[in-house]
Amino acid sequence: MKHKNLIDLEYMTKDELEQTIRLAGVIKQRPDVYKHACDGKIMATLFYEPSTRTQMSFQTAMMRLGGKTIGFDNPMNSSVAKGENLKDTIAVVSGYADIIAMRHPIEGSAKAASLYSDVPLINCGDGGHFHPTQTLTDVVTLSFEKGRLDNLKIGLCGDLLNGRTVHSLIKTMSHFEGNSFVLISTKELTVPDYIKDILNKSGCEYTEINNLKDAISDLDVLYMTRIQRERFATEEEYEKQKGVFVLDMDKLSLAKEDMIILHPLPRVDEITIEVDDDPRACYFKQAQYGMYGRMALIVLLLREEGSFLFDMPDPIESKEHRCPNPKCITNDPQQFYLPKNFYKKNGRVFCDYCDYEV
Ligand code: CP
């Protein structure tokens, strides 16, 4: 039986995404109507990596819908510490819970886990690969704050190479008409080529620059990101990048009055504290809106009727291929049992777990 999983927003149709955003808006307006929507249901939150927003917003989302939660936020307090593999943990937990929300540091782990789950599984971040519910949070925020998802000039600033939220947001927003992007980063942290390919194919205009001050005055949205220390190979490489882009009141004074500032959070030093008091600073509201987006998602994933099914292309198992991504779950010796699954797109072969080209 196929379940409704959310591995990436890419596998949601535009209609389904819009339906989720609409429902998030309804829940925000009338939370009382939904307070028993998940009575008797249990969500397991399995967080193999630290989180504040994603974990707690899923927990509170489930509780506000009338459901309950179980789980761990430190795998070392679970039998993972005794060497239990992902397959066994998921197989067991899916017998306890009605839905699973999982964050894991290894790329492709969400897809791998979904193979062994008897209940819907939501990817809450799989390494540097995908973080679909952050993108859902971002688009819900754009919809609530700007009233539209099209014809927006969106600046993205900071770590555009490692930032999975940046990649997902660009992919999602490139499906809406009239959006354009200003990519603001150092040359070492520009978006990967596959994102530029997506932009080129979509017909969305984009420019790449290395100066926030030069870009800010034209933007409708400024999406700031953290330089992610944990994704750098060495401390020296991180030190070279940190502190290059800082949004302060001086730069903000050049922006439009109705520009909004988003940030997936956590923040380190890329937005000064003074900016928090400016009405354009939407990042704390964004974190709250993410809860409404996640409430809508839980309702839709647990709904038995309807065609709301996040489906994936059928993979092909192949013993001839091996995923070349060293960070892929298929290259983790502990997960040796995983079928070597790939898929074909435009005559090219990709890993079914981490989407790396083989
Ligand atoms: N934005 C985000 O994913 O935050 P957490 O890591 O705190 O969940």
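Participant: Quick question: what am I supposed to make of helix H7 (residues 193-202) here?
Facilitator: Along an α-helix, residues three or four apart share an orientation, since each turn contains 3.6 residues. The complete set of buried residues in H7 reads Ile-195, Lys-196 and Leu-199. Along H7, the residues classed as buried sweep out an arc of 100° about the axis, all on the same side. In H7, the exposed positions that point more than 90 degrees away from the buried face belong to Asp-193, Asn-200 and Lys-201. The secondary structure elements touched by the buried residues of H7 are helix H6 (164-173), strand S6 (180-184) and strand S7 (205-209). Where H7 terminates, the next one or two residues include Gly-203, which has phi positive at roughly 85°.

Participant: How do you make sense of the sheet that holds strand S11 (residues 341-345) when you look at a structure like this?
Facilitator: Whether parallel or antiparallel, the strands of a sheet pair through hydrogen bonds between backbone atoms. Sheet architecture is open: three strands sit in the order S10-S11-S12, paired in antiparallel fashion. Of all strands in the sheet, those bounded by a partner on one side alone are strand S10 (316-317) and strand S12 (348-351). In this sheet, S11 lies alongside S10 in antiparallel orientation, the contact comprising two bridges. If you follow Glu-317 over to S11, its bridge partner there is Asn-341.

Participant: What is the right way to look at a nonpolar patch on the surface in this model?
Facilitator: The grouping of Ile-70, Val-92 and Tyr-96 at the surface amounts to a nonpolar patch, some 290 Å² of accessible area in total. For Val-92, the position within the fold is in helix H3 (residues 86-93). We classify Val-92 as partly exposed; its relative accessible area is 41%.

What counts and how
- Residues numbered from 1 in each chain as written.
- Predicted model: local features only at pLDDT ≥ 70, side-chain atom pairs only at ≥ 80, totals over all residues.
- Heavy atoms only, no water.
- Buried < 20%, exposed > 50% of the residue type's maximum accessible area, 1.4 Å probe, protein only.
- Helix = DSSP H or I, 4+ residues; strand = E, 2+ residues; numbered from the N terminus.
- Arc of directions from axis to C-beta.
- Contact = heavy atoms within 4.5 Å.
- Pairing = 2+ DSSP bridges.
- Patch = residues over 30% accessible without salt bridge, like charges linked within 9 Å, V, L, I, M, F, W, Y side chains within 5 Å.
- Areas by Shrake-Rupley, 256 points an atom, 1.4 Å probe, with all protein chains shown as cover.
- Salt bridge = Lys/Arg side-chain N within 4 Å of Asp/Glu carboxyl O.

Remember that the coordinates give geometry; whether it matters functionally is a separate question.
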